[in-house]
Amino acid sequence: MGRWIKKLAFVCAMVALIACSQPDHFTMQHQPAAVSASRQGFAGEMEAGMQAMMKDMHAPGFTGNPDVDFLAMMIPHHQGAVEMARLALIYGKDSLTRRVAEEIIASQTAEIAAMKERLAILRRGEDPNPGNFPALHGTRGVAPQ
Amino acid sequence: MDWTRREFVANMGALAIGAALPLGRALAQSASGANGRDRVLLCNEDSNTLSVIDPNTNTVAGTINLTSFDEDPRPPFRLVTGGVTPSHAGMIAKPLYHGAINIHGAAPAPDNKLLACTGRGTSNVYLIDLETMSVIGNTPNPQASNQTNAERITTGVLVGREPHEPTFSRNGKELWITVRGENRIAVLDTAAAIDESRGGASRAVRQYVDCINGPAQVWFSGDGTLAFVISQKASQLEVMDTHFGADGFSRPKRRMLIDIKTQDPFGFTPFQKTVPDGTELWLSHKLADAVSAWSVGAEPKALEAISLGKLARPNHVEFVENTRGKAVYASLARVDDGGPGGIAASHIAIIDRSAAPGSRKVVGTFFSHGREAHGLWTNPENSLLYIAHEQDELPNTPNAGQTACTAFDVSDPFKPQFIAQIPLGDLVVPSGKLRNKKSINLVYVRPGARSQTA
């Protein structure tokens, strides 16, 4: 039984590896212009969107700077969410699900813009006190002994 | 009619008046019927701004700022900090924010010199000078520098929780605001409201008038003697005698309650307006997917209820009447497939009002060229129509991510011709850009000329 589980795990890992190494036939920057139902259908477009998201998330790699890496990987993650939400609006019917999709597009589009701006600043160097003003939120430190 | 969303699209396709011009064409098409000083104002509920459109060029002439961003030069309190712009939902939660929250309703004064708009979340009303397109009551910013706005936003007039729509009395001396969260109407002295907005000693609220549960909007009869109150919580239409005295101020009293369960079993009627000759009152019943017409008089009578199709979700109604016909337009919130350029869009329903009461029906629809159509208003000549939209344009469309207003030539009320889709763009403040978002009410104004509230 243990061998079968190991074999199954190996096969799953290989499938995942192959999926991640698919040719770049679709990226976030090259989405189809169509905004209504296409011949591909929801499943096809969703699959393509998720593949593109995974590829774009892995693309930057790790630099050793968690802030930079987080932003670099979270941007395509959000772009993938926006694409999924867009497809939900084109193909879906449930009004409440559509509302969720609308909110995802609205909020995550703004967050993508914010992350891109911050990432550009961080890639130019550390900026712990934006505008030379003490940070108000999100500080990290060591509690005094 | 009891159609599904897709059936509605298919069935109305034959009647639909399609796009006369391709999407994304040059926006500065000549707009016949616009006067040089005309402006279209849109209430942007998520960005807390008012977009001002010049109908002569169909471009954004400016954005009126009702936020308090960039009054404070310190980075954490500005709109953009270290490159990070907050989401629209999060921006009003920034520390020290004291600007508007959820700018929603709007109405012009009878002389089109003043606009009132409500802040649902801020529980207040702001007044806009339509001749200068400025917020009445803003004061010089005590922290002003080259990194800040020059002005500090006024608080306007606080009226109570969840104010929905403002309406000026026919003589312009009062401003009635339905306070939806308190089941009453705030009746303001317009002159005192201007003074209070400026920080003066006046108290603008003359009185609170108790009314039906969940009041959505007040509209007055043409002679101003009757006030009609609709609700988003009760299937009722309330009629008040206004009793305006020689001093120009009202002493309102309930006259009657009308059960409108037949027309609106859900009790959700957000908008109403009288026709240009004042003889009829039209109500939009959003959850009932219908509009209804009523005779205007001491005892209004139901003339008809008109179904707009399943999930239509009508928001506002507008009347376009000229030498070529009399039409009622209803903006639909529903977003339909198969819009211009393959882009999903809302519809505007067209009802022929020249038919005898009781026999009127939807005679056509046209795509609004935007998503979730809401406010709509015509110019004084009834030759142009402008439409506000709640939802941004989708990714991969010409104005992706933008809230858009659209313009139509309605010289023939039954054959509207698309003129332009106008992206509302951004409010630019010293620290960055705030994208205008989620338009609700829309008003077409010609400063100094009689408005629809006259």
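Residues numbered from 1 in each chain as written. Chains lettered and ligands numbered in written order. Predicted model: local features only at pLDDT ≥ 70, side-chain atom pairs only at ≥ 80, totals over all residues.

A. Spotlight on the overall build of chain A. The helix and strand tally for chain A stands at four helices and zero strands. Each helix and strand of chain A, ordered N terminal to C terminal, gives the series α-α-α-α. Buried residues in chain A amount to 23% of all 145 residues. In chain A, once contacts between residues fewer than 6 apart in sequence are set aside, the share between residues at least 24 apart is 63%. (Helix = DSSP H or I, 4+ residues; strand = E, 2+ residues; numbered from the N terminus. Buried ≥ 20, exposed ≤ 12 C-beta atoms within 10 Å, placed from the backbone. Contact = placed C-beta atoms within 7 Å.)

B. Fine view of the overall build of chain B. Along its length, chain B carries three helices and 33 strands. Here the C-alpha atoms of chain B give a radius of gyration of 21 Å, agreeing with the 22 Å that 2.2 N^0.38 yields for 454 residues. Structurally, chain B occupies a C-alpha span of about 65 × 55 × 40 Å along its principal axes. Looking at chain B as a whole, 57% of its 454 residues qualify as buried. When contacts within chain B are restricted to residue pairs at least 6 apart in sequence, those whose partners lie at least 24 apart make up 55%. (Rg over C-alpha atoms; globule rule 2.2 N^0.38 Å.)

C. Highlighting the interface of chain B and chain A. Between chain B and chain A, the residue contacts involve 24 residues of the former and 25 residues of the latter. Tallied by class, residues from the side of chain B that touches chain A come to nine nonpolar, 12 polar and three charged. (Nonpolar A, V, L, I, M, F, W, Y, C, P; charged D, E, K, R; others polar.)

D. Structural view of the sheet that holds strand S30 (residues 417-423) of chain B. Residue and element names in this part refer to chain B. One open sheet holds the four strands; their spatial order is S27-S28-S29-S30, and the pairing between them is antiparallel. Both outer strands of the open sheet, strand S27 (371-378) and S30, are each paired with one neighbouring strand and no more. Neighbour-to-neighbour, the strand axes of this sheet turn through a mean angle of 25 degrees, independent of strand direction. Bridge count for strand S28 (residues 384-391) against strand S29 (residues 404-409) is four bridges, and the pairing is antiparallel. Paired with Tyr386 across the two strands is Ala407, which belongs to S29. (Pairing = 2+ DSSP bridges. Axes fitted to C-alpha atoms, helices over the stretch in contact; angles between N-to-C directions.)

E. Representation of helix H2 (residues 41-58) of chain A in the model. All names here are of chain A. Between its first and last C-alpha, H2 extends 26 Å over 18 residues, near the 26 Å set by a 1.5 Å rise per residue. Listed as buried for H2 are Glu45, Gly49, Ala52, Met53 and Asp56. Seen along its axis, H2 keeps its buried residues to an arc of 105 degrees; they face one direction. Of the residues in H2, the exposed ones pointing more than 90 degrees away from the buried face are Ala43, Gly44 and His58. Buried-residue contacts for H2 involve helix H3 (66-91). (Expected span 1.5 Å × (residues − 1). Arc of directions from axis to C-beta.)

F. Summary view of the sheet that holds strand S24 (residues 325-336) of chain B. Residue and element names in this part refer to chain B. What the four strands build is an open sheet, ordered S23-S24-S25-S26; its pairing is antiparallel. Pairing within the sheet leaves two strands with one partner each, and these edge strands are strand S23 (314-322) and strand S26 (362-367). Between one strand axis and the next, the sheet turns by 25 degrees as a mean value, whatever way the strands run. Pairing geometry for S23 and S24, over seven bridges, is antiparallel. By the bridge assignment, Glu321 is partnered in S24 with Lys326.

G. Geometry of helix H4 (residues 95-124) of chain A. With 30 residues, H4(A) extends 44 Å between its outermost C-alpha atoms, agreeing within 8% with the 44 Å of an ideal straight helix rising 1.5 Å per residue. Gly125(A), located one to two residues past H4(A), shows a positive phi value of around 145 degrees.

H. Main features of the confidence of the model for chain A. Residues and elements named next belong to chain A. Confidence along chain A averages 79 in pLDDT terms, with 73% of residues attaining 70 or more. Put simply, helix H1 (residues 2-20) is where chain A has its lowest mean pLDDT, 44, and H3 is where it has its highest, 96. In the model, residues 8-34 has pLDDT below 50 throughout and makes 19 contacts with residues more than four positions away in sequence or in other chains. (pLDDT = per-residue confidence, 0-100.)

I. How the structure looks around the packing of H3(A) against H4(A). Residue and element names in this part refer to chain A. The contact between H3 and H4 brings their axes to 8 Å, and the two run at 155 degrees. Looking at the two axes, H3 sits roughly antiparallel to H4. Considering only the axes of H3 and H4, their crossing is left-handed. A breakdown of the residues in the contact of H3 with H4 according to their chemical character gives 17 nonpolar, five polar and seven charged. (Parallel < 35°, antiparallel > 145°, perpendicular 65-115°, else oblique. Left-handed = near helix turned anticlockwise from the far one by under 90°.)

J. Highlighting the confidence of the model for chain B. Residues and elements named next belong to chain B. Overall, the predicted model of chain B reaches an average pLDDT of 93, with 93% of residues at or above 70. Residue range residues 1-31 is modelled with pLDDT below 50. Its contacts to residues more than four positions away, or to other chains, number 61 contacts. Listed scores for the predicted complex are pTM 0.87 and ipTM 0.81.

K. Quick peek at the nonpolar core. Judged by nonpolar contacts, the single largest core of 113 residues is most densely connected at Leu115(B), Ala116(B), Cys117(B), Phe228(B), Tyr329(B), Tyr386(B) and Cys405(B). Sorting elements by how many residues they give to this core places S24(B) first, with seven residues. Discounting chain neighbours no more than four positions away, the residues touching Phe228(B) are Val218(B), Trp219(B), Leu237(B), Val239(B), Gln272(B) and Leu281(B). Membership of the second largest hydrophobic core comes to 18 residues, among which are Leu71(A), Val82(A), Leu89(A) and Ala101(A). (Core = buried A, V, L, I, M, F, W, Y, C linked by C-beta atoms within 7 Å.)

L. Fine view of the pairing of strand S12 (residues 174-179) of chain B. Residues and elements named next belong to chain B. Within S12, six of the six residues are buried, which leaves the element mostly enclosed by the surrounding structure. A two-sided burial pattern is seen for S12, the buried positions comprising Glu174, Trp176 and Thr178 on one face and Leu175, Ile177 and Val179 on the other. As defined by bridge partners, strand S11 (residues 163-168) adjoins S12 across four bridges and the pair is classed as antiparallel. Paired with Pro166 across the two strands is Ile177, which belongs to S12. Connecting S11 to the next strand, S12, in antiparallel fashion are five residues, including Gly172 with a positive phi near 80 degrees. Across six bridges, the pairing between S12 and strand S13 (residues 184-189) is antiparallel. From the neighbouring strand, Glu174 faces S13, where its bridge partner is Asp189.

M. Fine view of unusual backbone geometry. All names here are of chain B. Despite not being glycine, Asn183 shows a phi value in the positive range, around 55 degrees. Following the sequence through the fold, Asn183 ends up in the loop between S12 and S13. Among the residues examined, Asn183 registers 18 C-beta atoms within 10 Å and is labelled partly exposed. Phi at His243 takes a positive value of approximately 50 degrees, unusual for a residue other than glycine.

N. Geometry of the packing of H2(A) against H3(A). Residues and elements named next belong to chain A. Where H2 contacts H3, the axes come no closer than 8 Å and their chain directions differ by 170 degrees. One way to sum up the angle between H2 and H3 is to call them roughly antiparallel. Listed contacts from H3 to Phe42, Glu45, Met46, Gly49, Met50, Met53, Asp56 and Met57 of H2 are Met73, Pro76, His77, Gln79, Gly80, Glu83, Met84, Leu87 and Tyr91.

O. Here's a closer look at the environment of Pro110(B). All names here are of chain B. With respect to the helices and strands, Pro110 occurs in the loop between strand S4 (103-108) and strand S5 (114-119). Judged by local crowding, Pro110 falls into the partly exposed class, with 19 C-beta atoms found within 10 Å. It is 29 Å that separates the C-alpha atoms of Pro110 and Ile260, two residues lying 150 residues apart in sequence.

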